[in-house]
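Overview (structure and organization)
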Amino acid sequence: MKTSITKLFIREIDRLTSEIEQYKDETSLWKVTDTISNCAGNLCLHLIGNLNHFIGKHLGNTEYVRQRDLEFNTKDVPKATLLKEIADVKKIVITALQNFPEEKLQEKYPIEKNGEIPSYELMLLHLLWHLSYHVGQINYHRRLLAS
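Attention here is on the structure that accompanies the text. (Residues numbered from 1 in each chain as written. Predicted model: local features only at pLDDT ≥ 70, side-chain atom pairs only at ≥ 80, totals over all residues. Heavy atoms only, no water.)

Section: the overall build of the protein chain
Along the protein chain, the regular secondary structure elements total five helices and zero strands. Shown N-terminal to C-terminal, the secondary structure of the protein chain runs as helices and strands in the order α-α-α-α-α. Every one of the 147 residues in the protein chain was classed for burial, and the buried ones make up 44%. Considering only residue pairs separated by 6 or more positions, the protein chain has 73% of its internal contacts joining residues 24 or more positions apart. About 8000 Å² of surface is accessible on the protein chain, with carbon and sulfur atoms providing 51% of the total. Both charge centroids of the protein chain, one from 19 positive and one from 19 negative side chains, sit 4 Å from each other. (Helix = DSSP H or I, 4+ residues; strand = E, 2+ residues; numbered from the N terminus. Buried < 20%, exposed > 50% of the residue type's maximum accessible area, 1.4 Å probe, protein only. Contact = heavy atoms within 4.5 Å. Areas by Shrake-Rupley, 256 points an atom, 1.4 Å probe, with all protein chains shown as cover. Lys, Arg positive; Asp, Glu negative; His and termini not counted. Charge placed at Lys NZ, Arg CZ, Asp CG, Glu CD.)

Set out below in structure tokens:
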């Protein structure tokens, strides 16, 4: 299971990289409209923060301190910076997952989610779904609003 989850995280993080790379005009990463309030740049920052926090910190024992508000309030981060941060978090995720003992997947994750304490396995599946969902939103944003 751990090998499969790791492969899927790599695939989805690579999809995130590809989506951000496809923005030809950097300013398009930060476009919003009356009906689209989360731009690709902020969704990207949100995913980086989410993975650093829930996998890096809580599986990989990093010292990451999440500032979730900044994930949605920071603007105009250069595309090159976003891509570097994605590459960095990919390494953190891979290392954390590779070093995490598979037998612990059924143990309780240290944080409550939706009113319950999930297993590590359930939390990782949730995080994978969350990543994929937002990568899909970025794809739609790029095709709809990017020039």
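Focus on the packing of helix H1 (residues 2–21) against helix H2 (residues 40–57)
In the contact formed by H1 and H2, the axes pass within 11 Å of each other and the chain directions differ by 155°. As summarised for this structure, H1 and H2 are arranged roughly antiparallel, according to the angle between their axes. For the pair H1 and H2, the crossing hand works out as left-handed. Counting all contacts with H1, which are made through Phe9, Ile13, Leu16 and Ile20, the residues of H2 involved are Ala40, Cys44, Leu47, Leu51 and Ile55. (Axes fitted to C-alpha atoms, helices over the stretch in contact; angles between N-to-C directions. Parallel < 35°, antiparallel > 145°, perpendicular 65-115°, else oblique. Left-handed = near helix turned anticlockwise from the far one by under 90°.)

Topic: the state of the cysteines
Summed over the entire model, instances satisfying the criterion amount to zero disulfides. Just so you know, Cys39 is unpaired, no disulfide at all, and the nearest cysteine sulfur is the one on Cys44, 9.9 Å from it. (Disulfide = S-S within 2.5 Å.)

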